[in-house]
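Chain and residue survey
The chain contents come next:
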Amino acid sequence: GESLVYQYLVRNFPDCNVEWMNEKEESRCFYDISIVPLEKGSNGSGLRSELRSQTIFVEVKTTASPSRNVFQLSLPELQFACKPGVQYHIYRVYGAGGDAARVQVRVVEGLREAL
């Protein structure tokens, strides 16, 4: 799941540095991927203004199920996500490990606001 989301973000955020925290080993970070703008306020990228000016922290939650909506967040992850000013998004990957054509990704942007 993390690899899929990382590849998607690299392709879709060309004006940002996309860093996969767990690429080589488990980092124990409060998030899996960070999206850091390379140039604040750059135009022409198609990114929303908040994404161009602020780091986004992404937590990837993966399931083999095509529809299971429940997932766990650790208390430290939730506390980090709820800090004022932190943009914390959940990328939920469904259908992992099965037919690639059936994999779906849903995004919850701004977890703190969504709670």
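Procedures and definitions
- Residues numbered from 1 in each chain as written.
- Predicted model: local features only at pLDDT ≥ 70, side-chain atom pairs only at ≥ 80, totals over all residues.
- Heavy atoms only, no water.
- Helix = DSSP H or I, 4+ residues; strand = E, 2+ residues; numbered from the N terminus.
- Buried < 20%, exposed > 50% of the residue type's maximum accessible area, 1.4 Å probe, protein only.
- Contact = heavy atoms within 4.5 Å.
- Areas by Shrake-Rupley, 256 points an atom, 1.4 Å probe, with all protein chains shown as cover.
- Lys, Arg positive; Asp, Glu negative; His and termini not counted.
- Salt bridge = Lys/Arg side-chain N within 4 Å of Asp/Glu carboxyl O.
- Polar contact = N/O pair within 3.5 Å; in protein donor to acceptor, adjacent residues only side chain to side chain.

1. What to know about the overall build of the chain
- Within the chain, the secondary structure is distributed over 4 helices and 5 strands.
- For the chain, with 115 residues in total, the buried portion stands at 35%.
- The long-range fraction of contacts in the chain, counting pairs at least 24 apart against all pairs at least 6 apart in sequence, stands at 50%.
- With an accessible surface of roughly 7,100 Å², the chain has 49% of that area assigned to carbon and sulfur atoms.

2. Concerning the side chain of D32
- Summarising the element assignment, D32 is placed in the loop between β1 (16-20) and β2 (33-37).
- It is K61 that comes nearest to the buried, bridge-free D32 among opposite-charge side chains, at 6.2 Å.
- Within the structure, D32 has its side chain in polar contact with the backbone nitrogen of V60 (distance 2.8 Å).

3. Description of unusual backbone geometry
- The phi angle at R28 is positive, at roughly 65°, despite the residue not being glycine.
- Looking at the element boundaries, R28 is found in the loop between β1 and β2.
- Judged by relative accessible area, R28 falls into the exposed class, the value being 71%.

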